[in-house]
Amino acid sequence: MVHNLTVILVLALYLLPGVKGSMVNLNNNGYDGIVIAINPSVPEEENLIQNIKEMVTEASTYLFHATKRRFYFRSVSILIPVTWRSKSEYLMPRQESYDRADVIVANPYLKYGDDPYTLQYGQCGEKGQYIHFTPNFLLTNNLPVYGSRGRAFVHEWAHLRWGVFDEYNVDQPFYISRNNAVEATRCSTHITGVNVVFQKCQRGSCITKPCTRDSQTGLYEAKCTFIPVKSQKAKESIMFMQSLNSVTEFCTAKTHNTEAPNLQNKMCNRRSTWDVIKDSDDFQNVSPMRGKNLPPHPTFSLLRSKHRVVCLVLDKSGSMAAEDRLLRMNQAVELYLIQIIEVGSLVGLVTFDSSATIQNYLMEINNENAYQSITANLPLQANGGTSICEGLRKGFEVIIQSNQSTSGSEIILLTDGEDSEIRSCLEDVKRSGAIIHTIALGPSADRELETLSSMTGGLQLFANKDVNGLIDVFSRISSPSGNITQRAIQLESKAMTVTGSKWINGTVFVDGTIGSDTFFVVTWTIQKPEILLHDPKGKVYKTTAFKEDRLNVRSARLHIPDIAEKGSWTYSLLNNHRDSQTLTVTVTTRASSSTTLPVTATVHMSQNKAHYPSPVIVYARVSQGFLPVLGVHVTAIVEAENGPQVTLELWDNGAGADAVKNDGIYSRYFTEYHGNGRYSLKVRVQARKNMARLSLRQRPNQSLYVPGYVENGTVIPNPPRPKTKQDTAATGVGDFDRVASGDIITITDVPPGGSGTPILPPSKITDLKAKFKDNIQLSWTAPGSVLDRGRAHHYIIKISTHLRELEEGFDNVTLVNTSSLIPKEAGSRESFEFKPELSEIENGTSFFIAIQAINEANLTSTISNIAHATKFIPPQEPSARDLGTKVSAISLAVLGLAVILSIF
């Protein structure tokens, strides 16, 4: 057990919080650098800015008291979109951008609703991605539903900053407690209310009826709703219902409801939100402020986005002649200028070896002549040494001499070499305010490159032996403005080694959300192949239709006019040469219209640095607008500097590395390390057979929509939730293809000569469920031998009639005979049925069950969630009285044969 504990501690140490480029820092109890960005599609509205200021100001005081005088908001930048009029009080942004914002203000997709929520899919204690407020939420009175906007902001900030989770559960709003009472899923249980079914509401009053119990589960019927009493004494908890005036604190170990089947208990092993907050770096680095005075109000800076300014700073040193690197770079840059960067962007070019040369000052990319004037100056020969700092300084000069500010401008720095003097220009880089995206080409690229990108908020990218790797990483560098309809979307990126005189075939699906500005690009290493491309209606594009670049960079492209036909496009390539050669196919496109948002995929890892043997998690988010896309096949491809490509299927099953089932976040543990160094990441997303669908269900990690309150014994309803356009839980998306690349991860401490998978235990089972009929029936998702890969060797199942006994002494409670239970492959559904070893099971007897998985190395997983099953024999008649509209506190009894599906 000591060895197992050590492994678990290693996992806990290295699965550290990661967040997408947030600029927030904590300085003497105050949060600085918060960025709230307004989407360019939001119409100009001055009241929006004023209401944001009021929300944050109120939230600062509420947060200060909730954290016992520890935290408040000191400085906030509000990023105004370029679509709004310029004003004298608007300043120039530096590294602030929509894509890096902590809070975004954007319209909901499909008019889904105005619930504030946080995009959060990491583990317990990991930071979230961003908070989303809609303009309507910020401009209208939501006080009855969510409470004040400041309170809602603090609820979401706890998700974003400290990685805690909601304490309610929309899918399981009630559960049966250890005392055999039906309880509303909440924290704390001191919050009182009634459980009713709304029958008819008119003019602010409702006719309700008492909830009836399901004869199979013993829980309340599906339409039963918990209505809180408006006037409460309970102070907890902000992560349940911050809208109640009495609620001013987070649940602590003393007040936390460990039984509630909510995400906080599932993800954080039944720990209270306050305990998780106390373990955060923020909490460890501050002490409560002394005295009785409140902190100062936040200060606000208004920043207005500008049109995109990009300078390419490209290495042409002697090492770039190896492995066709110069050729590959030129191919990728040409594709970037023609197909990726947004029309209207300003682009310049610098090349460098031991010195640097300005090839082009900034010019607007608005037609074919513009990009050709830049590509004409791409380097054709590689020689000399490597001076990265000289390249960067010339890049700054390009921007300044073109009458633009380096602040907020972007530099794309590509190099394959080392530069011992790179630290000499770090201060220049910092002062510039520029965002530097670094592309490390090959295993010898300077290890300080990532310092440049991390300190400026740029992307950290890596391409190695994959012929398409450079094209993929350039495709990753899209506009950070938030205008997704202008971004290029990659549909295909495939490299194939083809023997002489052989054909290869492939298909790409163009869906209805995209098709504008569509390019098919073919590259080769020896001789141009014969090309045949068939569109969905049978039209054929032959080799002559594919235009070769005049620089002879061994590539040819076809631009589909207007909107590309929806459906399956088939391509065939014939290697005309007698020798084998590598052929590649790349397909990019954009949204078909400015009103229909395209399906997109984004990918990243849980952190950008890891130490052997700790795992990292690969995340891929597939969405249309803000709606998750379910039912697609997602494959991650991870390539090490000195190792093979590793292919990994990602899952959205709510098990293993995946936090929430069916939220459009596909994830998996990655552990197959092949030496130290950089690892690149790419995903392929494929939807076929009309299996993909949009999820219209309520999101996790959001402020609870309160349906009403009890005031003076009367149920007072709130306005009903807005209806979606479809009255179903999901709607079809259609078939599609997507390819997306992610930032690099750097792995260290791999043993000399070591490669492959470290020895780790199976992942924790988090979705154990139990039913009680004649026997106890269990179900869960199978973990693997190593985390969520392979097959466990056997299971240990323990059962007790006392929850605390199982929580505190798993090894000492009754063992269930599992000799007939053979573990399945990771990700499979498991089921097991057994009879409790009690001579007599009485009505109301409760059982608590937990499970561990053990692999062949005898490493044991963390104890699973605890499932609860209770035997109930229904009485002849319901015992629940008609609560009507005169109510006080919850007083519930359980009816019906109970089938409890609790996740603690």
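Residues numbered from 1 in each chain as written. Predicted model: local features only at pLDDT ≥ 70, side-chain atom pairs only at ≥ 80, totals over all residues. Heavy atoms only, no water.

Asker: Tell me about the overall build of the protein chain, and please be specific about residues and values.
Answerer: The number of helices and strands found in the protein chain is 16 helices and 49 strands. Over its C-alpha trace the protein chain gives a radius of gyration of 29 Å, about what one expects of a compact globule, namely 29 Å for 904 residues. Buried positions account for 60% of the 904 residues belonging to the protein chain. Here the analysis covers contacts within the protein chain between residues at least 6 apart in sequence; of these, 76% occur between residues at least 24 apart. As displayed, the protein chain offers around 35800 Å² of accessible surface, 48% of which is attributable to carbon and sulfur atoms. (Helix = DSSP H or I, 4+ residues; strand = E, 2+ residues; numbered from the N terminus. Rg over C-alpha atoms; globule rule 2.2 N^0.38 Å. Buried < 20%, exposed > 50% of the residue type's maximum accessible area, 1.4 Å probe, protein only. Contact = heavy atoms within 4.5 Å. Areas by Shrake-Rupley, 256 points an atom, 1.4 Å probe, with all protein chains shown as cover.)

Asker: Let's hear about helix 14 (residues 449-456): which residues, and what values?
Answerer: Each turn of an α-helix holds 3.6 residues, which means side chains three or four residues apart point in the same direction. The complete set of buried residues in helix 14 reads L449, E450, L452, S453 and T456. Here the buried residues of helix 14 occupy an arc of 155 degrees about the axis, which is enough to place them on one side. Count one or two residues on from helix 14 and you reach G457, which has phi positive near 80 degrees. (Arc of directions from axis to C-beta.)

Asker: If you had to explain the packing of aromatic side chains to someone new, which residues and values would you point to?
Answerer: For any pair of aromatic rings, geometry is given as the distance between the ring centres together with the angle between the planes. Evaluated as defined, the whole model comprises 26 aromatic pairs. Ring geometry for Y31 and W157: centres 5.1 Å apart, planes at 65 degrees, overall edge-to-face. Note that Y31 is positioned in strand 2 (residues 30-32) and W157 in helix 5 (residues 149-162), a separation of 126 residues in sequence. W157 sits in the buried class, given a relative accessible area of 0%. Taking the ring centre of F810 as reference, the NZ or CZ of K798 above it sits at 4.9 Å. (Phe/Tyr/Trp six-rings, centres within 6.5 Å; stacked < 30°, edge-to-face > 60°. Lys NZ or Arg CZ within 6 Å of the ring centre and 35° of its normal.)

Asker: Provide a residue-level description of the pairing of strand 11 (residues 193-202), including the pertinent values.
Answerer: Every other side chain in a regular strand lies on the same face of the sheet, so the side chains alternate between the two faces. Note that strand 11 and strand 13 (residues 225-228) share 4 bridges and pair antiparallel. From the neighbouring strand, G193 faces strand 13, where its bridge partner is P228. Across 6 bridges, the pairing between strand 11 and strand 12 (residues 205-210) is antiparallel. From the neighbouring strand, K200 faces strand 12, where its bridge partner is I207. (Pairing = 2+ DSSP bridges.)

Asker: Before we move on, could you go through helix 2 (residues 46-66) and cite the residues and values that matter?
Answerer: Along its 21 residues, helix 2 runs 30 Å from first to last C-alpha, staying within 8% of the 30 Å computed at 1.5 Å per residue. For helix 2, the full list of buried residues reads L48, I49, N51, I52, M55, V56, A59, S60, Y62, L63, F64 and A66. Sitting at the amino-terminal end of helix 2 is E45, which places a side-chain oxygen 3.1 Å from the backbone nitrogen of N47. Looking one or two residues beyond helix 2, the residue adopting positive phi is K68, at roughly 55 degrees. (Expected span 1.5 Å × (residues − 1). Polar contact = N/O pair within 3.5 Å; in protein donor to acceptor, adjacent residues only side chain to side chain.)

Asker: Just give me the short version of the side chain of T118, but keep the residues and values in it.
Answerer: The topology assignment puts T118 in strand 7 (residues 117-119). When near neighbours in sequence (up to four residues on either side) are disregarded, T118 contacts Y130, I131, E156, H159, L160, P700 and N701.

Asker: Quick rundown of the sheet that holds strand 18 (residues 410-415)? Include the residues and the values.
Answerer: Read across the sheet, 6 strands follow the order 17-16-15-18-19-20 without closing on themselves; strand pairing throughout is mixed. Every other strand in the sheet has two partners, leaving strand 17 (356-364) and strand 20 (460-463) as the edge strands with one partner each. Between one strand axis and the next, the sheet turns by 15 degrees as a mean value, whatever way the strands run. Note: strand 15 (residues 309-315) against strand 16 (residues 346-352), 7 bridges, orientation parallel. Bridging across to strand 16, L314 finds its partner in T351. Helix 15 (residues 469-476) rests against strand 15, strand 18, strand 19 (435-441) and strand 20 of the sheet, and its axis sits at about 165 degrees to strand 20. (Axes fitted to C-alpha atoms, helices over the stretch in contact; angles between N-to-C directions.)

Asker: Give me the lowdown on the confidence of the model for the protein chain, citing residues and values where you can.
Answerer: Residues with a pLDDT of 70 or more make up 91% of the protein chain, whose mean pLDDT is 88. For the protein chain, the element scoring lowest by mean pLDDT is helix 1 (residues 2-14), at 36; strand 4 (residues 72-73) scores highest, at 98. Taken as a whole, residues 1-19 scores under 50 in pLDDT and shows 34 contacts with residues more than four places along the chain or in a different chain. (pLDDT = per-residue confidence, 0-100.)

Asker: Please set out the packing of helix 2 against helix 5 residue by residue, giving values where relevant.
Answerer: The geometry of helix 2 relative to helix 5 is characterised by a closest axis approach of 8 Å and an angle of 70 degrees between their N-to-C directions. The orientation of helix 2 relative to helix 5 falls into the category roughly perpendicular. For the pair formed by helix 2 and helix 5, the contact residues are N51, M55, V56, E58, A59, Y62 and L63 on the first element and R149, G150, R151, F153, V154, W157 and W162 on the second. Here the residues of the contact of helix 2 with helix 5 are counted per class, giving 9 nonpolar, 2 polar and 3 charged. (Parallel < 35°, antiparallel > 145°, perpendicular 65-115°, else oblique. Nonpolar A, V, L, I, M, F, W, Y, C, P; charged D, E, K, R; others polar.)

Asker: Account for the state of the cysteines, naming residues and giving values.
Answerer: Two cysteines, two sulfur atoms, one covalent bond between them: this is a disulfide. Overall, the coordinates contain 4 disulfides when judged by the stated rule. What pairs with C187 in a disulfide is C251, and their sulfur atoms sit 2.4 Å apart. One quick way to see it: the torsion about the S-S bond of C187 and C251 is about -125 degrees, and its sign makes the bridge left-handed. Of the two residues, C187 is situated in the loop between strand 10 (182-184) and strand 11 and C251 in the loop between helix 6 (238-241) and helix 7 (263-267); the sequence distance between them amounts to 64 residues. The burial state of C187 is the same as that of C251; both residues are buried. The disulfide partner of C211 is C224, and the S-S distance across this bridge is 2.0 Å. (Disulfide = S-S within 2.5 Å.)

Asker: I'd love a proper account of the sheet that holds strand 22 (residues 503-510), names of residues and values included.
Answerer: Strands sit in the order 22-28-24-25 across an open sheet of 4 strands; the sheet is antiparallel. Each having just a single partner strand, strand 22 and strand 25 (540-542) make up the two edges of the open sheet. Between one strand axis and the next, the sheet turns by 15 degrees as a mean value, whatever way the strands run. Note that strand 24 (residues 530-534) and strand 25 share 3 bridges and pair antiparallel. Residue pairing across strands places H534 opposite V540, the latter belonging to strand 25.

Asker: Describe the nonpolar core, naming the residues involved and giving the relevant values.
Answerer: Y31, F73, F153, W157, W162 and F250 are the most contacted members of the largest nonpolar core, which totals 74 residues. Of all the elements, helix 2 adds the most residues to this core, at 9 residues. Core analysis: the next-biggest nonpolar cluster, separate from the first, contains 37 residues, V618, L627, V629 and V632 among them. (Core = buried A, V, L, I, M, F, W, Y, C linked by side-chain atoms within 4.5 Å.)

Asker: An account of the pattern of salt bridges is requested, with residue identities and associated values reported.
Answerer: This structure, assessed with the given rule, holds 39 salt bridges. For E183, the salt bridge goes to R186, with nearest N and O atoms at 3.0 Å. Side by side, E183 and R186 carry an identical accessibility label, which is buried. We note a salt bridge from D428 to R393, for which the minimum N-O separation is 3.3 Å. With a gap of 35 residues between them, D428 in helix 13 (residues 426-432) and R393 in helix 12 (residues 388-401) connect regions that are remote in the sequence. When its relative accessible area of 24% is taken as the criterion, D428 is described as partly exposed. For R393, a relative accessible area of 32% gives the class partly exposed. One network of salt bridges, in which partners are shared, links E390, R393, D428 and R431. (Salt bridge = Lys/Arg side-chain N within 4 Å of Asp/Glu carboxyl O.)

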